Each structure stands twice: as structure tokens, then as C-alpha cells.
Amino acid sequence: MQLHVLNNLTRTLEPFQPINKEEVRVYSCGPTVYNSVHIGNLRSFLAADMIQRVLRTVGGYAVKWVMNVTDIDDKTIRDSAIGADTWIAEEMGEQTRDVMQNLKSLTDYYTRKFVQDIEKVRIQTHNMAEMPRATSYIQEMQNLVSRIAENGFAYESGGSIYFNVSKWSETGRYGQLRKIDFDNFRSGVRIDADEYDREQVSDFALWKGKKDDEPFWEFEFQGRSVPGRPGWHLECSAMEREILGLPFDVHTGGVDLKFPHHEDEIAQSEAGYGVKPTTYWMHNEFLEVEGKKMSKSLGNFYKLDDLIEKGVDPLDVRYLMNSVQYSTKLNFTFAGIEASKKARLRVQEYIYTLYDDGDGTHVVDAQELVTSVFAELAQDINTPKALGVLFGWLNAHPAATIATESRQHVLDALAKINEVFDVWTIEPRPAVEIPADIVELAERRKTARATRDWAEADKMRDALQAAGWVCKDTKDGYELTKL
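Presented here is a report on the structure given in the accompanying data block. (Residues numbered from 1 in each chain as written. Predicted model: local features only at pLDDT ≥ 70, side-chain atom pairs only at ≥ 80, totals over all residues. Heavy atoms only, no water.)

**Details of the overall build of the protein**
Okay, so step 1: A tally of helices and strands in the protein yields 16 helices and 19 strands.
Okay, so step 2: Seen through its principal axes, the protein has C-alpha atoms that stretch 90 × 50 × 40 Å.
Okay, so step 3: Residue burial in the protein is summarised as follows: out of 483 residues, 52% are buried.
Okay, so step 4: Relative to all contacts within the protein whose residues are 6 or more apart in sequence, the contacts with residues 24 or more apart total 73%.
Okay, so step 5: Summed over all atoms, the accessible surface of the protein reaches about 21,800 Å², with 47% contributed by carbon and sulfur.
Okay, so step 6: With 57 positive and 76 negative side-chain charges, the protein shows a separation of 3 Å between the mean positions of the two kinds. (Helix = DSSP H or I, 4+ residues; strand = E, 2+ residues; numbered from the N terminus. Buried < 20%, exposed > 50% of the residue type's maximum accessible area, 1.4 Å probe, protein only. Contact = heavy atoms within 4.5 Å. Areas by Shrake-Rupley, 256 points an atom, 1.4 Å probe, with all protein chains shown as cover. Lys, Arg positive; Asp, Glu negative; His and termini not counted. Charge placed at Lys NZ, Arg CZ, Asp CG, Glu CD.)

What follows is the structure, given as C-alpha cells:
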């Protein structure tokens, strides 16, 4: 099926045309492993996962997907520093005077934590060709710095090496993802921080000079020793080329990375390698919480573990985040989580019913369902419209009415759709052992209904729901279902 994607490089919806039809190459900006990821980060990773799943399942392509791990930058250095307040000695081991070992201990721990978190929301790491760590590609980064300098777009100052934005802008190729206001640009002004204000346009650090009590690598640059460590923007440019080759097909990441990070990636790759890094830039929009920017000061800053502690199922987080198109701002609310849970379980119940014995007579065209859902996903991963088509079809074809000869076809269709959404299980209803106290509440409700004591029946119903069970009346009595 022909895919169309919103390319932020051209700012238009374009037919997707891979460089090599045999394999689509995708690079996603991954975590900076100085702490656990928050749900804003999680949205970016889920968007990347959805994009590569649609490429595989709807587009029919083989996909080589790479998500990097930033294990050397300002934040990882800060939080692994000797005496850093955030150090968790009991989980990562005792600190040493070896700053390189401390950095590795911290980033190893949070890399493992990251993998655990994304697997809870069914981002399958086996779908990734690699999850490269920046510190494994220091030599390649140094080679890129040298090439940029040889081409006249880098210079050394104060032991650090900077990208010459002023000279590069003369080529007319700075500002491809975001319009740059060069009226406020001052040539020679340098920024050493990895992250900086989106209004700042200045020369940025490719290689940061050695500082006391910080990790560093030796670097022979133009005949001189320039020990230090890479700038954040440099890392992705080098890893992309080494692992995927340039240009590759799709680069994903949050909209906040357009400038400076992704703009600087483009500049580095073109200035050093003489080629653009990628064909399609696909950015996911921001996530808000209850209509406000997420922040610790507002008390609305959540990591996945925080939500799990509140009783939230990670699959409902996945469903909610994928129920909004990736390029649209997402308002995360707990009411939205509840609605997502109901919607997800409604489809799951439909699946279970198809496995149950039935006497339905309705013969259906299940392939029509797949084609209709995929047609929406093919239009820039339009997940809300795809889900709308799915629920419309399910409403029009109640599971109990489906003929026996059609049931497996419908299950196969739902399994195909689930290859993208991955929030359901295509299997018979699992046997559930009902606790005795729950059965007692249900029996008391049954007795109350028989004697028309509606207040008592409602009380028992509420007690069951509070305990996580739904009691459905049947012609033979009642049926208990775990929420």
C-alpha cells in the first residue's frame, strides 16, 4: 500500500519513496541515560515505534531501525560526577574517583531501566537493528570533526572545536528545518552547552575541551593534542553514517529537536560528509498533562513507574498515546487513560467473544476491515482515523452475530491490525479464578435483585467495581469479568 508522510524538511505531505525498496533505514533519537524517561520522552519513542511498524506492516517494507543511546553529554556528566546528589549508590554501585567508571555505571543502569520501560509499553527491542551507545563511536566522531575542519567549517578555540555557523550559512543550507533569524546572529559567538535556547544561533561545540573531573578522550587534531569529549549534536551524525549509511530514509524525534539538534545534524553531515543525512524528517508533537506543560513544580511530571504505581496499565498508556496522531499535540489526562482502557478492553472482549461458542450467521469480508484501517494509517500514520474505522466496523458487526466460518478470518484481520497497535492479545479468554469474596458479593447482588432491593443491588455492584470486577446479568444468572 502506498504510504504518504509529512516531511518536515519540505513541510509537505509526500508519497513515501524509499531509497532502496529492499530495506527502509530509520534512525530515531533515543534516550539520554542520566535518569528514567518521563512520559513526554515516552511519546517520542512510541511515535518512532508506530512509524516503523506502519512501514513494516502497511507499507510491506523490511526495516532497519536504529535508536541511539546518549551516554555522554552535559547531563550524564553532571549526574555521574563525584559527589553528585542524584547518584544512587545502592543500585549502581559505590562511586569511585574514576569519573569514566562512574559515567559508565550511571549510564549502564539507566540504559537497562530504559529498555525495561519501553518493553512495558510493547516497544520491541528485537525490532531494532541496533541501540548504539555514543561512547562506542568516539573515533568516528573525531574523524567527522577532522573532515569538517578540512572542508573549512570548523575551528579550534580555547581547547574546544566549534562548527563555523557563519561560514556554513553562506552556503544557504542552514535553516532547512526551521527558519533562522540571522539578523541576531553574531559571528564568532560560541555556545558550549549541549542544549540551548531555540532563539540562539551561534557557533556550537563539535568537540569540548577537557575539564577537571570530567571524562575525556585523547584527540589528535591537525597535529595538536585536543583531549576532550564530543558535543551532543555531533554524536548522531557519526553514528547515522557508520550504522545506516547516508542518506538513509527516515529520521524521527520530538519536535523540540528540530532546532538546534537536528538542524546541526544536517549541517555536520553535509559539511563533513558532503551528503544530507536523511530523506524524510518525521517529528512528533509535544505532550501536555491535563492541558499544561509537564513540570515538577506543577506536580504533573510523570515517569512510567509513577503511573503504574497509580494503577495504570502500561498498555493503556500505549493506546492513549497512539490514539492521537503523532504529529498532533497530545493532552495526557487520567480521564483519557480511563477512556483508553475502556476502548482497549472493548476490542479485547470482542476478540474473546469470537473464540467463544456461538450461533451467529453473519458472513463478513474481514479483509475489507484490514484494507480500510490500513488506508488511514497509510496517510501519515493517522491512528485516530484508523481506530475510528476499526470501531465503526466492530459496531456494524457484533461478535456474537459472526458466523462460525467467518470468525477465524476476523481474528486474522484483528491480528494483522494488532501488528501495528499491539495492545491486544489474539487468544481465547483466559480462565480466571474468581475469589470467594467476589462470588459472595455477586450472590448478594443476585439475591437483592430477585427481591427488588435495588439499593442493595447497586451497593453490591459498586463494591464489585471497586474490587476490579464487572457483574453482567445473564439469562442464567450473572457473569463476572475482571476489569
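**Here's the deal with the side chain of D73**
Okay, so step 1: Within the secondary structure layout, D73 lies in the loop between β4 (63-67) and α2 (74-80).
Okay, so step 2: No salt bridge is formed by the buried D73, whose closest oppositely charged neighbour, K75, lies at an N-O distance of 6.0 Å.
Okay, so step 3: Only 3.2 Å separates the side chain of D73 from the backbone nitrogen of K75, close enough to count as a polar contact.
Okay, so step 4: A distance of 2.8 Å separates the side chain of D73 from the backbone nitrogen of T76, its partner in a polar contact.
Okay, so step 5: Contact partners of D73, with chain neighbours within four places excluded, come to T32, D194 and R229. (Salt bridge = Lys/Arg side-chain N within 4 Å of Asp/Glu carboxyl O. Polar contact = N/O pair within 3.5 Å; in protein donor to acceptor, adjacent residues only side chain to side chain.)

**Digging into the sheet that holds β4**
Okay, so step 1: Read across the sheet, five strands follow the order β5-β4-β3-β13-β14 without closing on themselves; strand pairing throughout is parallel. Two strands lie at the open edges of the sheet, namely β5 (128-130) and β14 (278-284), each paired on one side alone. For this sheet, the mean angle separating the axes of adjacent strands, direction not counted, is 30°.
Okay, so step 2: The sheet contact formed by strand β3 (residues 24-28) and strand β13 (residues 248-254) spans three bridges and is parallel. Bridging from a neighbouring strand, S28 pairs with T252 of β13.
Okay, so step 3: Across the sheet, helix α7 (residues 232-243) is in contact with β3, β4, β5 and β13; its angle to β3 comes to roughly 155°. (Pairing = 2+ DSSP bridges. Axes fitted to C-alpha atoms, helices over the stretch in contact; angles between N-to-C directions.)

**Some words on the sheet that holds strand β17 (residues 330-332)**
Okay, so step 1: Taken in spatial order, the three strands make up an open sheet running β16-β15-β17, and their pairing is mixed. Either end of the sheet is taken by a strand with one partner, and the two such strands are β16 (292-293) and β17.

**A closer look at the packing of aromatic side chains**
Okay, so step 1: Under the criterion given, the structure shown has 15 aromatic pairs.
Okay, so step 2: Judged by centre distance (5.0 Å) and plane angle (85°), the rings of F153 and W168 are edge-to-face. In this pair, F153 is assigned in the loop between α5 (138-150) and β6 (154-157) and W168 in helix α6 (residues 165-169), connecting sequence segments 15 residues apart. When sorted by exposure, F153 lands in the same class as W168, which is buried. (Phe/Tyr/Trp six-rings, centres within 6.5 Å; stacked < 30°, edge-to-face > 60°.)

**Some remarks on the nonpolar core**
For soluble globular proteins, the rule of thumb is that nonpolar side chains tend to be buried together.
Okay, so step 1: L390 and F421 are the most contacted members of the largest nonpolar core, which has 75 residues in total.
Okay, so step 2: Counting residues per element, this core draws most heavily on helix α1 (residues 39-57), at ten residues.
Okay, so step 3: Not counting the four nearest positions on each side in its chain, L390 is found in contact with V347, L369, V373, L414, I417 and W424.
Okay, so step 4: I77, F185, I191 and V201 belong to the second largest nonpolar core, which has 46 residues in total. (Core = buried A, V, L, I, M, F, W, Y, C linked by side-chain atoms within 4.5 Å.)

**What to know about helix α13 (residues 383-396)**
Okay, so step 1: With 14 residues, α13 should cover 20 Å at 1.5 Å per step; its first-to-last C-alpha distance of 20 Å lies within 8% of that length.
Okay, so step 2: T383, A386, L387, L390, F391, W393 and L394 are the residues of α13 that are buried. Considered in projection along α13, the buried side chains sweep an arc of 160° and stay on one side of the axis. With respect to the buried face of α13, the exposed residues turned more than 90 degrees away are K385 and A396.
Okay, so step 3: Against α1, α10 (314-322), α11 (334-355), α12 (366-377) and α14 (404-421) lie the buried residues of α13.
Okay, so step 4: Its side-chain oxygen placed 3.3 Å from the backbone nitrogen of K385, N382 serves as the N-cap of α13. (Expected span 1.5 Å × (residues − 1). Arc of directions from axis to C-beta.)

**Some remarks on the pairing of β13**
Okay, so step 1: The element β13 is extensively covered by neighbouring structure, given that seven of its seven residues are classed as buried.
Okay, so step 2: Pairing analysis gives six bridges linking β13 to β14, with the strands arranged parallel. Looking at the pairing, H251 lines up with W281 of β14.
Okay, so step 3: The handedness of the β13 to β14 crossover, carried by helix α8 (residues 258-273), is right-handed. (Right-handed = clockwise from strand over helix to strand, strands pointing away.)

**A few points about the pattern of salt bridges**
Okay, so step 1: In this structure the tally under the stated criterion is 29 salt bridges.
Okay, so step 2: A salt bridge links K113 to D117; its shortest N-O distance comes to 2.8 Å. Residue K113 and its partner D117 are both found in helix α4 (residues 99-120); the two are separated by four residues, about one turn of the helix. Residue K113 shares its accessibility class with D117, and that shared class is buried.
Okay, so step 3: Residue R461 is joined to D462 by a salt bridge in which the shortest nitrogen-to-oxygen separation is 3.1 Å.
Okay, so step 4: On the basis of relative accessibility, which here comes to 33%, the residue R461 falls in the partly exposed class.
Okay, so step 5: The structure contains a network of salt bridges with shared partners spanning D49, R53, R122, R318 and D422.

**Things to note about the side chain of R43**
Okay, so step 1: Counting through the fold element by element, R43 comes out in helix α1.
Okay, so step 2: In this structure R43 is buried but unpaired, with E285 as the nearest side chain of opposite charge at 6.0 Å.
Okay, so step 3: Non-local contacts of R43, meaning those with residues more than four positions away in its chain, are made with N284, E285, F286, L287, M321, V324, Q325, Y326, T328, K329 and L330.

**Re the packing of α10 against α11**
Okay, so step 1: Look at α10 against α11: their axes get within 9 Å of each other, and the N-to-C directions meet at 100°. Overall, the two elements α10 and α11 adopt an arrangement that is roughly perpendicular. Here L315, D316, V317, Y319 and L320 of α10 lie close against α11, whose contacting residues are G336, I337, S340, K341, A343 and R344.
Okay, so step 2: Considered class by class, the residues forming the contact of α10 with α11 number six nonpolar, two polar and three charged. (Parallel < 35°, antiparallel > 145°, perpendicular 65-115°, else oblique. Nonpolar A, V, L, I, M, F, W, Y, C, P; charged D, E, K, R; others polar.)

**Side note on the packing of α12 against α13**
Okay, so step 1: Interaxial distance between α12 and α13 falls to 7 Å at its minimum, and their mutual angle equals 160°. It follows that α12 is roughly antiparallel to α13 by the angle criterion. Like other packed secondary-structure pairs, α12 and α13 cross with a definite hand, here right-handed. From α12, A366, E368, L369, S372, V373, E376 and L377 reach across to α13, where they touch T383, K385, A386, V389, L390 and W393.
Okay, so step 2: Residues belonging to the contact of α12 with α13 are distributed by class as follows: eight nonpolar, two polar and three charged. (Left-handed = near helix turned anticlockwise from the far one by under 90°.)

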